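An overview of the molecular structure
Each chain, letter by letter, is given below.
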Amino acid sequence: MVVCDADYNFIFVDVGAFGSQSDGGVFARSSFEKMILRNQINLPPDDKLPGTDKTFPYFFVGENAFPLKRNLMRPYPGRSLPAAKQNFNKKLPAARVYIEKYFGILTNRWRILHTNIQVSPKNVDKIVLATVVLHNYLMLDKTCGYFEGSLVDHEENGVIIRGTWRQASESQPSIRISHANRSSASAFAVRDESTNHFFEIHS
């Protein structure tokens, strides 16, 4: 399990879980989950939403496998949803796709991740962590040739060009979905307020 920022850097990594484990289960046993529950993550203080006087918390974006928390948003479940909730569910993946890009870039640059690594499980964890650390280090210098604009989706003459990261990403197994943990009333309130905000500015 990983957490990333908007600059193609990994900021939290948890490796070593068995492939049969759900993403929600890995999250539930991670130190990151405990830090969220205990409000120990150094997030910026609540701030006003653009164009409003509403004070709002900063939050991470996850998918259905993760629990809904005040600082961790996930889509609304179900299919027959009101227009505002459908709009929210469309907006959230636009931010979450960064994770897919990161994995695509990582596997594109570190080909060892394309194969079964024939070493002990303990050393596999070390190899994966090493690629992540090296990725973050090389991302510090955008001129070193490690990161190229063609790796990510970009616009040329008004046309969106698919990044080459997708070639690596599409060959990887899809993310599993599992049931999330019980969420607090404040988490539901944050998601509903986000939904209303997105719907208002696009209606």
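Computed from a predicted model, the values in this text were never measured in an experiment.

**With respect to the nonpolar core**
Proteins that are soluble and globular tend to have nonpolar side chains buried together. Counting 13 residues, the largest nonpolar core has Y8, F10, Y102, L106, M139, Y146 and F147 as its most contacted members. Broken down by element, the residue count for this core peaks at four residues, all from helix 3 (residues 83-109).

**Some points on the pairing of strand 2 (residues 10-13)**
It is a general feature of regular strands that their side chains alternate between the two faces of the sheet. Examined bridge by bridge, strand 1 (residues 2-4) and strand 2 share three bridges and lie antiparallel to one another. Bridging from a neighbouring strand, C4 pairs with F10 of strand 2. Taking the residues between adjacent antiparallel strands as the criterion, strand 1 and strand 2 are bridged by five residues, where Y8 takes a positive phi near 65°.

**Considerations on the pattern of salt bridges**
Taken as a whole, this structure holds three salt bridges when the rule is applied. R70 is paired through a salt bridge with D46; the nearest N and O atoms lie 2.7 Å apart. Remark: D46 occurs in the loop between helix 2 (31-37) and strand 3 (47-48) and R70 occurs in the loop between strand 5 (60-61) and strand 6 (72-73); sequence separation between them is 24 residues. Classification of D46 by relative accessible area gives partly exposed; the value is 36%.

**Some remarks on the confidence of the model for the protein chain**
Per-residue confidence for the protein chain gives a mean pLDDT of 79, with 81% of residues at or over 70. Predicted confidence in the protein chain is weakest over helix 5 (residues 165-169), with a mean pLDDT of 57, and strongest over helix 4 (residues 121-139), with 91. Counting interchain partners and residues more than four positions distant, the pLDDT-below-50 stretch residues 172-180 has 21 contacts.

**A look at unusual backbone geometry**
In this structure, Y8 takes a positive phi of about 65° despite not being glycine. With respect to the helices and strands, the residue Y8 is situated in the loop between strand 1 and strand 2. Even without being glycine, N39 reaches a positive phi, approximately 55°. Among the secondary structure elements, N39 is positioned in the loop between helix 2 and strand 3.

**Thoughts on helix 4**
Between its first and last C-alpha, helix 4 extends 27 Å over 19 residues, near the 27 Å set by a 1.5 Å rise per residue. Among the residues of helix 4, T131, V132, H135 and M139 are the ones counted as buried. Buried residues of helix 4, seen end-on, are gathered within an arc of 95° and therefore sit on one face of the element. Exposed and oriented more than 90 degrees from the buried face of helix 4 are K122, K126, V133 and Y137.

**Describing the environment of D46**
Considering only alpha carbons, one finds D46 and F56, 10 residues apart in sequence, at a separation of 5.1 Å. Beyond its immediate stretch of four places on either side in the chain, D46 contacts T55, F56, P57 and R70. In this structure the side chain of D46 is engaged in a polar contact, spanning 2.7 Å, whose partner is the side chain of R70.

Here is what the cut-offs are and how they apply
- Residues numbered from 1 in each chain as written.
- Predicted model: local features only at pLDDT ≥ 70, side-chain atom pairs only at ≥ 80, totals over all residues.
- Heavy atoms only, no water.
- Core = buried A, V, L, I, M, F, W, Y, C linked by side-chain atoms within 4.5 Å.
- Buried < 20%, exposed > 50% of the residue type's maximum accessible area, 1.4 Å probe, protein only.
- Helix = DSSP H or I, 4+ residues; strand = E, 2+ residues; numbered from the N terminus.
- Pairing = 2+ DSSP bridges.
- Salt bridge = Lys/Arg side-chain N within 4 Å of Asp/Glu carboxyl O.
- pLDDT = per-residue confidence, 0-100.
- Contact = heavy atoms within 4.5 Å.
- Expected span 1.5 Å × (residues − 1).
- Arc of directions from axis to C-beta.
- Polar contact = N/O pair within 3.5 Å; in protein donor to acceptor, adjacent residues only side chain to side chain.

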